[in-house]
Amino acid sequence: MPIIVYIEPDGTTHNIEVPVGWSVMEGAKGAAVRGIDADCGGNCACGTCHVYVDAKWTEQLPRGDDMEAAILESTSDVQPTSRLSCQIKVTEQLDGLTVRVPLVVR
Amino acid sequence: MNNDRQSDPQSGAIRIEDLPIEQIDVSQHRLFETAEVLPVFARLRREAPVHYCPKSQFGPYWSITRHEDIMRVDTDPVTFSSAIQNGGVSIDDRLMRATKGDFRFEGFIAKDPPAHGRYRKAVQPIVSAESLQNLRSLIQERTDRILDELPVGEQFDWVERVSVKLTTMMMATLFDVPLADAPKLAYWSDITGAIEGADGFVSYEHRTEQLMKCLDYFSALFKERAAAPPKFDLISMLAHDPDTCNLQPMDFLGQVLLLIVGSNDTTRNSMSASINCLNLFPDEFRKMWADPGLIDAMVKEVVRWQTPIAHQRRTAVKDVVMRDQTIRAGDKVVMWYYSGNRDETVFPNPDRVRFDRANINHHLSFGFGIHRCMGMRVAELQLRILWQAILERFEAIELVAAPKRIRSISRNGYKEMMVRVTPRSARTRQ
């Protein structure tokens, strides 16, 4: 099963087995990674599953669609490597995909 | 949780929930004042989830009452427009449409893409992680001071002494205006938000006159901030962003009013609501004193239960079929967030505040889609800090009378909440 690596802002790292076909967001929720809230339940509607994809992986992901771009426009602290993790589907080729979780101030 | 059912004063003994479904008009302010609207929403969700009301004080409109359908409308800005040119985001169009010389609201909440994104991005940095970290100690200091000044053993109005005080100070900070001017901002916010027939509405002429003063005030501030280096407040951000530094006066005023309204009574009403919920659900809230880690869940649940913004409106730009109903191009479509937040198929036992809901984040109070509330993290931060401070100081905050609610189909809130606080005794402190 592919392993997805989630790194929280303080460096806490989770190496999580995520089944093929799940989204990167679902993998995070299952493992209680802090900072991935997914308020809309994975419907590309809220921006709270926002992650920064590690530079060496950005080219290997299918590009996000217009809906994702529109939500990212309404999201804070967006960088060129930003993606909504609910829109990234896990495949065997993404074994080792590394994403960083933005700081969420509570 | 319903209040006593009352007979409908307009049709004698027939209550609105007993009317034939096609005669139901939920857009009546009195129904929201006492929460009588909730069983009516329940009926609409069951029997007519996409419901056409042909005649109301606001004209004909569609009611969308189920959580999933509200999400569908909210996340399709192409079909369902927010633009002021089409009527804007309130069921009350007259609030939005200008007649010659009148105020017309042009805040970016009432713009569609691509303009919407350009405006929002100019001010979004105020809610960046860095900005929130900077704000946190200020919020903490003010909250501590306000709570330490509360009288013990005598009644006072929580709305005035806590909710209004804390949120008007927050507004003053976000705009970087003197604290003494904050009540002016609150006043302008209240008259912008009030619609005809609701509490706070005076007249369209009065509103225009007062909001022109608001424009003068902020135009002067804008000039100052434009001439100075950029800094971290909303006016400076508008002044230095290339997309917002040259706006027409009504457009500029609209952005200012949106930001004032957004930071004002919604959070105020959530703060008051948390005390109402404390008294309605004491067993649940007692858990927080034992486990302050539950504060996060409490904040989400109170915001769901209260639903400070009861509805948002859209206009269909083309014909669209939803649940076998054909909504025509030009039709007014009202998303009743208040109903979607009590959708029993999404939130079992929806009228109860429960900290253990698995889908506690899934509420509609901040909206979804591109217009989702920009200030939600600031709102939640203020509520969280308020309750950390309450738990440290008080073991009880009791209502001494029923709270007075605002009469409005757009704002679920409180005008007065008389309470008495009991400090934590030495033996209950950690």
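Because the structure is predicted, anything quoted here is derived from the model rather than measured.

Caption draft 1: Region of interest: the overall build of chain B. Within chain B, the regular secondary structure consists of 15 helices and twelve strands. Against the compact-globule benchmark of 22 Å for 430 residues, chain B has a radius of gyration of 21 Å, which places it among compact chains. The C-alpha extent of chain B, read off along each of the three principal axes, is 65 × 60 × 40 Å. Relative to its 430 residues, chain B shows a buried fraction of 50%.

Caption draft 2: Representation of the overall build of chain A within the structure. What chain A contains, in helices and strands, is three helices and five strands. On C-alpha atoms alone, chain A measures out to a radius of gyration of 12 Å, which is about the 13 Å that the 2.2 N^0.38 rule sets for 106 residues. If one aligns the C-alpha atoms of chain A with their principal axes, the spans along those axes are about 35 × 30 × 25 Å. The long-range share in chain A, meaning contacts at least 24 apart out of those at least 6 apart in sequence, stands at 65%.

Caption draft 3: Local environment of the environment of Pro-249 of chain B. Residues and elements named next belong to chain B. Its place among the elements puts Pro-249 in helix H10 (residues 249-263). For Pro-249, a count of 13 C-beta atoms within 10 Å corresponds to the partly exposed category. C-alpha of Pro-249 to C-alpha of Leu-215: the two residues are 34 residues apart in sequence and 7.5 Å apart in space.

Caption draft 4: Geometry of the interface of chain A and chain B. Each partner contributes residues to the interface: chain A has 18 residues there, and chain B has 23 residues. Class assignment for the residues of the side of chain A that touches chain B results in eight nonpolar, five polar and five charged.

Caption draft 5: Seen up close, the sheet that holds strand S2 (residues 13-17) of chain A. Residues and elements named next belong to chain A. In spatial order, the strands read S2-S1-S5-S3-S4; together these five strands make up an open sheet with mixed pairing. Every other strand in the sheet has two partners, leaving S2 and strand S4 (82-84) as the edge strands with one partner each. Averaged over all adjacent pairs, the angle separating strand axes in this sheet is 35 degrees, with direction ignored. Examined bridge by bridge, strand S1 (residues 3-7) and S2 share five bridges and lie antiparallel to one another. Bridge pairing links Val-5 to Asn-15 in S2.

Caption draft 6: Main features of unusual backbone geometry. All names here are of chain B. Cis peptide bonds are those with omega within 30 degrees of zero, and the linkage from Pro-113 to Pro-114 qualifies with 0 degrees. Relative to the elements of secondary structure, Pro-114 occurs in the loop between strand S3 (80-81) and helix H4 (115-123). Phi is positive for Ala-35, close to 65 degrees, though the residue is something other than glycine. Mapped onto the secondary structure, Ala-35 falls in the loop between helix H1 (29-33) and helix H2 (37-47). With a phi angle near 55 degrees, Asn-349 is a residue other than glycine that sits in the positive phi range. Along the chain, Asn-349 falls in the loop between helix H14 (337-340) and helix H15 (376-393).

Caption draft 7: Region of interest: the sheet that holds strand S12 (residues 418-423) of chain B. Residues and elements named next belong to chain B. Judged by pairing direction, the sheet is antiparallel, and its three strands sit side by side in the order S4-S12-S9 without closing on themselves. Each having just a single partner strand, strand S4 (156-157) and strand S9 (394-399) make up the two edges of the open sheet. Pairing of S4 with S12 involves two bridges; the strand directions are antiparallel. Within S12, the position partnered with Phe-156 by the bridge is Val-419.

Caption draft 8: Highlighting the environment of Met-322 of chain B. All names here are of chain B. Mapped onto the elements of the fold, Met-322 is located in strand S6 (residues 320-322). With 16 C-beta atoms counted inside 10 Å, the residue Met-322 sits in the partly exposed group. C-alpha of Met-322 to C-alpha of Val-50: the two residues are 272 residues apart in sequence and 6.9 Å apart in space. Residues in contact with Met-322, not counting those within four places in the same chain, are Val-50, Asp-69 and Ile-327.

Caption draft 9: Here's a closer look at the pairing of strand S5 (residues 312-316) of chain B. All names here are of chain B. Within S5, five of the five residues are buried, leaving the element largely enclosed by the surrounding structure. Residues Gln-312, Arg-314 and Ala-316 line one face of S5 and the alternating positions Arg-313 and Thr-315 line the opposite face, and both faces are buried. Inspection of the sheet shows S3 paired to S5 by two bridges, in the antiparallel sense. Each bridged residue has a counterpart across the sheet, and for Phe-80 the counterpart in S5 is Ala-316.

Caption draft 10: Expanded view of the nonpolar core. In terms of nonpolar packing, the biggest core is built from 84 residues, with Met-171, Leu-234, Leu-257, Ile-260 and Val-302 of chain B touching the most fellow members. Ranked by residues supplied to this core, first place goes to helix H6 (residues 158-175) of chain B with ten residues. Setting aside chain neighbours within four positions, we find Val-302 of chain B in contact with Ser-270, Ala-273, Ser-274, Cys-277 and Val-353 of chain B. Among the nonpolar cores identified, the runner-up in size contains 60 residues, and Ala-38 and Leu-97 of chain A together with Val-37 and Val-50 of chain B belong to it.

Caption draft 11: Highlighting the confidence of the model for chain B. This prediction gives chain B a mean pLDDT of 92; 94% of its residues lie at or above 70. For this predicted complex, the interface confidence comes out at an ipTM of 0.96, alongside a pTM of 0.94.

Caption draft 12: Region of interest: the pairing of S1 of chain A. Residues of S1 of chain A alternate between two faces, with Ile-4 and Tyr-6 of chain A buried on one and Ile-3, Val-5 and Ile-7 of chain A left unburied on the opposite face. From the end of S1 of chain A to the start of S2 of chain A, which pair antiparallel, there are five residues, and Gly-11 of chain A there has a positive phi angle of about 95 degrees.

Caption draft 13: Molecular detail of the packing of helix H13 (residues 295-306) of chain B against H15 of chain B. All names here are of chain B. As a packed pair, H13 and H15 sit with axes 10 Å apart at the nearest point and diverge in direction by 125 degrees. By the angle between their directions, the pair H13 and H15 is classed as oblique. As for the relative orientation of H13 and H15, their crossing is right-handed in sense. For the pair H13 and H15, the contacting residues are Ile-295, Asp-296, Met-298 and Val-299 in the first and Glu-380, Leu-383, Arg-384, Trp-387 and Gln-388 in the second.

The rules we used
- Residues numbered from 1 in each chain as written.
- Chains lettered and ligands numbered in written order.
- Predicted model: local features only at pLDDT ≥ 70, side-chain atom pairs only at ≥ 80, totals over all residues.
- Helix = DSSP H or I, 4+ residues; strand = E, 2+ residues; numbered from the N terminus.
- Rg over C-alpha atoms; globule rule 2.2 N^0.38 Å.
- Buried ≥ 20, exposed ≤ 12 C-beta atoms within 10 Å, placed from the backbone.
- Contact = placed C-beta atoms within 7 Å.
- Nonpolar A, V, L, I, M, F, W, Y, C, P; charged D, E, K, R; others polar.
- Pairing = 2+ DSSP bridges.
- Axes fitted to C-alpha atoms, helices over the stretch in contact; angles between N-to-C directions.
- Core = buried A, V, L, I, M, F, W, Y, C linked by C-beta atoms within 7 Å.
- pLDDT = per-residue confidence, 0-100.
- Parallel < 35°, antiparallel > 145°, perpendicular 65-115°, else oblique.
- Left-handed = near helix turned anticlockwise from the far one by under 90°.

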